[in-house]
Amino acid sequence: MAGMNETPSGERVHIGFFGRRNAGKSSVVNAVTGQELAVVSDVKGTTTDPVSKAMEILPLGPVVVIDTPGFDDEGSLGEKRVAQARKILGKTDIAVLVIDAVEGMKECDRELMELFKESDIPCLVAFNKSDIVEDAEWIDYGSDGNAIEIQNYIAKNSSGMIHISAVTGEGINELRNRIAALKPEGNEGRLIADKINKGDLIVLVVPIDKAAPKGRLILPQQQTIRDILDAGAASVVVRESELEDMLKSLGRKPDLVVTDSQVFGFVNKVIPADVPLTSFSILMARYKGLLDEAVKGVAAVNSLTDGDRVLIAEGCTHHRQCGDIGSVKIPAWLRESTGKELVFETASGTGFPEDLSGYALVVHCGGCMLNEKEVTRRTREAAKQGVPITNYGTLIAYLHGILGRSLEIFPEYREALEQ
């Protein structure tokens, strides 16, 4: 099972390197990672698109390093690059602002720091090329500030500054350590361990169809199994076709059943009414901080009218096959439930639209391949633009009339359901 031991991208700390063109961002990235991750050149604007790579950096552990285009890029193409850099902020856990110590701090550096602050992203300011600057004054051309004023500004609006040289390696180890000190704590929530007890028996229903990856389980299923083990409970994994026979052979009722959302309706009929039932997608939505809004947003289904646009958004990119849940099954269930002629559009990976105003509803996946920061950004953007957002599992349970049952183990979300 390739990849079973690899930390998924959504669970890694995302470190973004930002700054002006030719400030040496790519050189700093290469120095920090110890790899030729980014192309280095004296020509301004060499990095034309964000470059991301999952890796291990001590003492941080598993991370995703992101090298971004110059924030001061010019022209129509430059504007697109700047927009990309802004978008990266949505999934950045820690920001490193690289400033050319020779040219000093400029207004666009301050603009970046303001964006970091607005997005609640801890930031370190790294003055690069310090090996060729004897007595830097860090001149801010935008405000004619002096060294003391700039030091005070940085102290107030960041987690501190450091002088480094990507060429000589000066300060690089210290930069790594200071980044590590800003590492956010792991997700305090749990997929399921906080809702079960030691010795419990959990049945996991996992369909194996054309959409299932060959030779492995999908990430939410892997993570749920591990969380059950951590809680000292036991899991039994079964296909829906063998579910009834397996239940008869157990000799006892399971304490909880977790199913793939695609077979929610079938599993609901098979599992006794007094056995709690939920889905992997709902577990993941809670883990990523989406569930509250998902429960509130699902009621928008009742207000859909002919011609309304519905966005189906997925955090990963995959080859869509016959019977795909996002592009085939959910649209079919929504059309059948509402009786309306709806227009469906899809977005995958990083292609989540900035402008959501034209949509009547956003239906998002569980977000297992996205970090919590990015899921929160997408949820916040939908709320800001007044567009209801829900997720696969919540919607499917709602359409099958079993959302209340699927949230039974999460009483903290009943208020949102009642709204």
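None of the values given here were measured: they were computed from a predicted structure. (Residues numbered from 1 in each chain as written. Predicted model: local features only at pLDDT ≥ 70, side-chain atom pairs only at ≥ 80, totals over all residues. Heavy atoms only, no water.)

A closer look at the overall build of the chain
At step 1: Across its full length, the chain holds 15 helices and 14 strands.
At step 2: Here the chain, with 419 residues, has 52% of them falling under the buried criterion.
At step 3: Within the chain, contacts between residues separated by at least 24 positions form 76% of all contacts whose residues are at least 6 apart in sequence.
At step 4: About 19100 Å² of surface is accessible on the chain, with carbon and sulfur atoms providing 48% of the total. (Helix = DSSP H or I, 4+ residues; strand = E, 2+ residues; numbered from the N terminus. Buried < 20%, exposed > 50% of the residue type's maximum accessible area, 1.4 Å probe, protein only. Contact = heavy atoms within 4.5 Å. Areas by Shrake-Rupley, 256 points an atom, 1.4 Å probe, with all protein chains shown as cover.)

Thoughts on unusual backbone geometry
Keep in mind that most residues, glycine aside, have a negative phi and that most peptide bonds are trans.
At step 1: A positive phi angle is found at Asp 120, which is not glycine, with a value near 60°.
At step 2: Within the element layout of this structure, Asp 120 appears in the loop between helix 3 (107–118) and strand 5 (123–128).
At step 3: At Lys 129, a residue that is not glycine, the phi angle is positive and equals roughly 65°.
At step 4: Mapping Lys 129 onto the fold places it in the loop between strand 5 and helix 4 (147–157).

A look at the confidence of the model for the chain
At step 1: Here the chain averages 84 in pLDDT, while 83% of its residues score no lower than 70.
At step 2: The low-confidence segment residues 1–5 (pLDDT under 50) makes three contacts with residues lying over four places distant or belonging to another chain.
At step 3: Contacts of residues 38–48 to residues separated by more than four positions or lying in other chains number 25 contacts, the stretch itself having pLDDT below 50. (pLDDT = per-residue confidence, 0-100.)

Quick notes on the packing of helix 1 (residues 25–33) against helix 5 (residues 172–181)
For any two helices packed against each other, the geometry comes down to the angle between their axes and how far apart the axes lie.
At step 1: Where helix 1 contacts helix 5, the two axes come as close as 9 Å, and the packing angle between them is 80°. As judged from the angle between their axes, helix 1 and helix 5 are roughly perpendicular. Contacts from Val 28, Ala 31 and Val 32 in helix 1 reach Ile 172, Leu 175 and Arg 176 in helix 5.
At step 2: Considering only residue class, the contact of helix 1 with helix 5 consists of five nonpolar, no polar and one charged. (Axes fitted to C-alpha atoms, helices over the stretch in contact; angles between N-to-C directions. Parallel < 35°, antiparallel > 145°, perpendicular 65-115°, else oblique. Nonpolar A, V, L, I, M, F, W, Y, C, P; charged D, E, K, R; others polar.)

Topic: the packing of aromatic side chains
At step 1: If you walk through the whole model with that rule in mind, you get two aromatic pairs.
At step 2: When the ring centre of Tyr 359 is taken as origin, the NZ or CZ atom of Arg 309, which lies over that ring, is 4.3 Å away. (Phe/Tyr/Trp six-rings, centres within 6.5 Å; stacked < 30°, edge-to-face > 60°. Lys NZ or Arg CZ within 6 Å of the ring centre and 35° of its normal.)

Structural notes on the sheet that holds strand 2 (residues 51–57)
At step 1: Sheet architecture is open: six strands sit in the order 2-3-1-4-5-6, paired in mixed fashion. Every other strand in the sheet has two partners, leaving strand 2 and strand 6 (161–163) as the edge strands with one partner each. Between one strand axis and the next, the sheet turns through 25° on average, direction left out of account.
At step 2: The sheet contacts of helix 1 involve strand 1 (13–19), strand 2, strand 3 (61–67), strand 4 (94–100) and strand 5, and relative to strand 1 the element is tilted by about 145°.
At step 3: Packed on one face of the sheet, helix 5 meets strand 1, strand 2, strand 4, strand 5 and strand 6 and runs near 165° to strand 6. (Pairing = 2+ DSSP bridges.)

Regarding the side chain of Asp 100
At step 1: Tracing the backbone through its elements, the reader meets Asp 100 in strand 4.
At step 2: Residue classification places Asp 100 among the buried positions, given a relative accessible area of 4%.
At step 3: Side chain to side chain, Asp 100 and Lys 129 meet in a polar contact 2.9 Å long.
At step 4: Ignoring any residue separated from it by four or fewer positions in sequence, one finds Asp 100 in contact with Arg 20, Asn 22, Ala 23, Asn 128 and Lys 129. (Polar contact = N/O pair within 3.5 Å; in protein donor to acceptor, adjacent residues only side chain to side chain.)

Re the environment of Arg 178
At step 1: Position of Arg 178 relative to the elements: it lies in helix 5.
At step 2: In sequence terms Arg 178 and Pro 59 are 119 residues apart; their C-alpha atoms lie 9.8 Å from each other.
At step 3: Ignoring anything within four residues of it in the chain, the contact list for Arg 178 reads Leu 124, Ser 159, Gly 160, Met 161 and Ile 162.
At step 4: At 2.9 Å, the side chain of Arg 178 forms a polar contact with the backbone oxygen of Met 161.

Re the pattern of salt bridges
At step 1: On inspection of all chains with the given rule, the structure shows 20 salt bridges.
At step 2: For the salt bridge of Arg 110 with Glu 149, the shortest nitrogen-to-oxygen distance reads 3.0 Å. Of the two residues, Arg 110 is situated in helix 3 and Glu 149 in helix 4; the sequence distance between them amounts to 39 residues.
At step 3: The shortest N-O distance in the salt bridge between Arg 178 and Glu 174 comes to 3.6 Å. Of this pair, Arg 178 and Glu 174 both sit in helix 5, four residues apart, which is roughly one turn of the helix.
At step 4: Assessed through its relative accessible area of 24%, Arg 178 is described here as partly exposed.
At step 5: Via salt bridges that share partners, Arg 20, Glu 103, Lys 106 and Asp 109 belong to a single interconnected network. (Salt bridge = Lys/Arg side-chain N within 4 Å of Asp/Glu carboxyl O.)

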